[in-house]
Amino acid sequence: MAEWRQLSFEDSINSKMMNLIFFHDSAMVLIVFVMAVVGFFLVLFLLTGLSFGVNGFTSRFISSNEKLEVFWSTLPAVFLFLLGWGSLHNLYSAEVNGSAGTEPSLNVVVVGHQWYWSYEYYDSALDYAVSPVEFDSYLVPEGDLDGSLGACFRMSEVDNPMVLPSDLSFRLIFSSDDVMHSFYVPSFGLKTDCIPGRLNSNIFSVVLEGIFYGKCAEICGAYHSGMPITVEVISSSDWLGWYEGGACGEFSEFVESLSSCN
């Protein structure tokens, strides 16, 4: 999760966030280069009075120089093309996520409420006739935090985190029950709006196990700050046991046993 006075992004746990961080760093290098060059010539022109002028005369190598005008018109266009291409590439990758033509192994329906999240787990076929594993996720009040690892972050802990398997692709389907919310988990490179009457989806996978935190990123009411997101990524084998325990109606007991083991 984010650290105090952190300047960079949070650590990435999938290819989508890695691409976003690389694009950001590349764009910043390009922006700093352009600002340095433009700033240098701006200061130079201000100090000399006229562009490379000496004693009030204009340099004949700059005035009406068509090649120079073509150069400083073409170079910004090239920079804009590079930024646009990188941005479109990231947008396309975020949509397909390398999973074009393949069906994810898991579907999780995420519904925003005022002010908590609810999760429903379905198999790849989205068989709604079968009772899914479903639960609500509420903020843990500050007075109930025990200070142990994983239960000590104020305004970030929840009673029932979203649990996802590592090394498996899954689809998250987002909607809202009342007003507009936004599901935001920085380490996933994920920020998707939850809109009433509309379904937004995102397919991706994660490669690292751990606990990751997020927030609702859309002002949704008086208690907007009180609906955090906690995602716990565990191994595929542990996740299958967790899912089977939930499907048998023993969800809360299984979560407690899993937490005690960690």
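All figures in this text were calculated on a predicted structure; none of them were measured in a lab.

Counting its secondary structure elements, the protein contains 4 helices and 10 strands. Reading the protein from its N terminus to its C terminus gives the helix and strand order α-α-β-β-β-β-β-β-β-β-β-β-α-α. The proportion of buried residues among the 262 residues of the protein is 37%.

Bringing the packing of aromatic side chains into the picture now. Tallied over the full model, the rule gives 9 aromatic pairs. For the pair Y121 and F135, a centre-to-centre distance of 6.0 Å together with 20° between the ring planes defines the contact as stacked. One end of the pair, Y121, is in strand β2 (residues 116-123); the other, F135, is in strand β3 (residues 133-137), and 14 residues separate them in sequence. We note that Y121, like F135, is buried. Relative to F212, the ring of F188 has its centre 5.8 Å away and its plane inclined at 65°; by these criteria the two rings are edge-to-face. Here the residue F188 occupies a position in the loop between β6 (181-185) and β7 (190-194), and F212 occupies one in strand β9 (residues 210-216), the gap between them amounting to 24 residues. Residue F188 shares its accessibility class with F212, and that shared class is buried.

In this section: the environment of Y184. Topologically, Y184 is positioned in strand β6. A relative accessible area of 33% places Y184 in the partly exposed class. On a C-alpha basis, the gap between Y184 and I229 in space is 7.9 Å, while along the polypeptide they are 45 residues apart. Beyond its immediate stretch of four places on either side in the chain, Y184 contacts L190, K191, G214, K215, A217 and I229.

Right, let's get into the confidence of the model for the protein. On average, the protein scores 77 in pLDDT, and the residues at 70 or more come to 77%. Ignoring residues within four places in sequence, the model shows residues 247-256, a span with pLDDT below 50, making 12 contacts including any to other chains. Residue range residues 258-262 is modelled with pLDDT below 50. Its contacts to residues more than four positions away, or to other chains, number 3 contacts.

Right, let's talk about a nonpolar patch on the surface for a bit. On the surface, F33, V34, V37, V38, F40, F41 and F45 cluster together into a nonpolar patch covering about 590 Å² of accessible area. By the secondary structure assignment, V34 is in helix α1 (residues 15-48).

Read across the sheet, 5 strands follow the order β4-β10-β9-β6-β7 without closing on themselves; strand pairing throughout is mixed. The two strands at the open ends of the sheet, each matched to only one other strand, are β4 (162-165) and β7. Averaged over all adjacent pairs, the angle separating strand axes in this sheet is 25°, with direction ignored.

Strand order in this open sheet of 5 strands is β3-β2-β1-β5-β8, and the pairing throughout is mixed. With one partner strand each, in any of the chains shown, β3 and β8 (200-204) form the two edges of the open sheet. Between one strand axis and the next, the sheet turns by 20° as a mean value, whatever way the strands run.

We now examine the nonpolar core. By size, the foremost hydrophobic cluster in this structure holds 32 residues, and its most contacted members are V108, W117, Y119, Y121, M162, F183 and F188. Sorting elements by how many residues they give to this core places strand β10 (residues 229-234) first, with 4 residues.

Now for unusual backbone geometry. The linkage connecting Q114 with the following residue, W115, adopts the cis geometry, with an omega of 0°. Within the secondary structure, W115 sits in the loop between β1 (106-113) and β2.

Rules used throughout
- Residues numbered from 1 in each chain as written.
- Predicted model: local features only at pLDDT ≥ 70, side-chain atom pairs only at ≥ 80, totals over all residues.
- Heavy atoms only, no water.
- Helix = DSSP H or I, 4+ residues; strand = E, 2+ residues; numbered from the N terminus.
- Buried < 20%, exposed > 50% of the residue type's maximum accessible area, 1.4 Å probe, protein only.
- Phe/Tyr/Trp six-rings, centres within 6.5 Å; stacked < 30°, edge-to-face > 60°.
- Contact = heavy atoms within 4.5 Å.
- pLDDT = per-residue confidence, 0-100.
- Patch = residues over 30% accessible without salt bridge, like charges linked within 9 Å, V, L, I, M, F, W, Y side chains within 5 Å.
- Areas by Shrake-Rupley, 256 points an atom, 1.4 Å probe, with all protein chains shown as cover.
- Salt bridge = Lys/Arg side-chain N within 4 Å of Asp/Glu carboxyl O.
- Pairing = 2+ DSSP bridges.
- Axes fitted to C-alpha atoms, helices over the stretch in contact; angles between N-to-C directions.
- Core = buried A, V, L, I, M, F, W, Y, C linked by side-chain atoms within 4.5 Å.

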